[in-house]
Amino acid sequence: HGLVRDGQGRKMSKSLGNGIDPLEIIDQYGADALRFTLVTGNSPGNDIRFSVEKVESNRNFCNKIWNASRFVLMNLTVPDFTLPETLSLEDKWILHRYNELVREVTDNLDRFELGVAADKLYSFIWDSFCDWYIELCKPRLGADADPAASEQAQRVLGHVLTGVMQLLHPFMPYITEQVWQGLKGADSSIMVSPWPPHDEKLCFA
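Rules behind the numbers
Residues numbered from 1 in each chain as written. Predicted model: local features only at pLDDT ≥ 70, side-chain atom pairs only at ≥ 80, totals over all residues. Heavy atoms only, no water. 1 Å grid on protein atoms, 1.4 Å probe; cavity = no way out; pocket = protein on both sides within 12 Å on 5 of 7 lines; lining within 4 Å. Points joined across faces, edges and corners; volume = space filled by probe spheres on them. Helix = DSSP H or I, 4+ residues; strand = E, 2+ residues; numbered from the N terminus. Nonpolar A, V, L, I, M, F, W, Y, C, P; charged D, E, K, R; others polar. Axes fitted to C-alpha atoms, helices over the stretch in contact; angles between N-to-C directions. Left-handed = near helix turned anticlockwise from the far one by under 90°. Contact = heavy atoms within 4.5 Å. Phe/Tyr/Trp six-rings, centres within 6.5 Å; stacked < 30°, edge-to-face > 60°. Buried < 20%, exposed > 50% of the residue type's maximum accessible area, 1.4 Å probe, protein only. Salt bridge = Lys/Arg side-chain N within 4 Å of Asp/Glu carboxyl O.

1. Re the layout of surface pockets
Here is step 1: Empty space within the largest pocket amounts to approximately 300 Å³.
Here is step 2: Those elements giving two or more residues to the lining of the largest pocket turn out to be helix H4 (89-110), helix H6 (147-168) and helix H7 (173-184).
Here is step 3: Looking at the lining of the largest pocket, the element that brings in the most residues is H6, giving five residues.
Here is step 4: Class assignment for the residues of the lining of the largest pocket results in nine nonpolar, six polar and two charged.

As structure tokens, then:
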């Protein structure tokens, strides 16, 4: 891996006074945000430029994950996340995209393309899952919603959120473990859970 340089591309040194104390950054923004910053936008062998603005942006990403997870957990009444036999169009869409994410992230990690894998997770979680699928599910989760449609949406939401937390865990171990505990209970840890498999049955046209 390359060097971590300051925002101007200079090597960090005592004489320049441009060093970064990681403990101070962790106290202010969290360890997950710092870890994710050092991985994203990075390719093997190349130096990376560190900036507090990037850490702050990834702290906002952590907040996005936390708020989305809280919403899902608040609306879950199903005992497990077995996928239903009947799926709506938006269910098929998110499951197809999630399934492709599993395949791509697994391939990227096998090739040590950590930055590429992290970027794909960021895009899927923020755009596809949070900004689109959760919003599409809200009418199906309301008090006046059809019970069958509500259960269907809950199972898909739980299935995708569980798998995404497993994929994200190597990069953000703390928030993913916390969300996992809410989904699976305190008697389980995400660290010893099996890696999500790519499923040909979830490849929808």
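What follows continues from the structure just given.
2. Focus: the packing of helix H3 (residues 52-74) against H6
Here is step 1: At a minimum axis distance of 11 Å, the contact between H3 and H6 shows a crossing angle of 150 degrees. The handedness of the crossing between H3 and H6 is left-handed. Between H3 and H6, the contacting residues are Ile65, Ser69 and Val72 on the first element and Leu157, Leu161, Met165 and Leu168 on the second.
Here is step 2: Of the residues belonging to the contact of H3 with H6, the class tally is six nonpolar, one polar and no charged.

3. Brief notes about unusual backbone geometry
For residues other than glycine, phi is negative in most cases, and the peptide bonds are mostly trans.
Here is step 1: The phi torsion at Phe112 lies on the positive side, around 60 degrees, for a residue other than glycine.
Here is step 2: Summarising the element assignment, Phe112 is placed in the loop between H4 and helix H5 (114-141).

4. Quick look at the packing of aromatic side chains
Each aromatic ring pair is characterised by the separation of its centres together with the angle its planes make.
Here is step 1: Tallied over the full model, the rule gives six aromatic pairs.
Here is step 2: Measuring from ring centre to ring centre gives 6.3 Å for Phe36 and Phe171, while their planes differ by 90 degrees; the resulting arrangement is edge-to-face. Here the residue Phe36 occupies a position in helix H2 (residues 31-39), and Phe171 occupies one in the loop between H6 and H7, the gap between them amounting to 135 residues. Note on accessibility: Phe36 and Phe171 belong to one class, buried.
Here is step 3: Judged by centre distance (6.2 Å) and plane angle (25 degrees), the ring pair of Phe61 and Trp126 falls under stacked. Of the two residues, Phe61 is situated in helix H3 and Trp126 in helix H5; the sequence distance between them amounts to 65 residues.
Here is step 4: Among the residues examined, Phe61 registers a relative accessible area of 0% and is labelled buried.

5. Re the side chain of Thr162
Here is step 1: The topology assignment puts Thr162 in helix H6.
Here is step 2: Judged by relative accessible area, Thr162 falls into the buried class, the value being 7%.
Here is step 3: Each residue touching Thr162, except ones within four places of it in the same chain, is listed here: Phe81, Trp180, Leu183 and Lys184.

6. A closer look at the pattern of salt bridges
Here is step 1: Scanning the entire structure with this criterion turns up 11 salt bridges.
Here is step 2: A salt bridge links Glu100 to Arg103, with the nearest nitrogen and oxygen atoms 2.5 Å apart. Of this pair, Glu100 and Arg103 both sit in helix H4, three residues apart, roughly one helical turn.
Here is step 3: Across the pair Glu104 and Lys120 runs a salt bridge whose closest N-O atoms are separated by 3.7 Å. Of this pair, Glu104 sits in helix H4 while Lys120 is found in helix H5, placing the two residues 16 residues apart along the sequence.
Here is step 4: The network of salt bridges with common partners includes Glu100, Arg103, Glu104 and Lys120.

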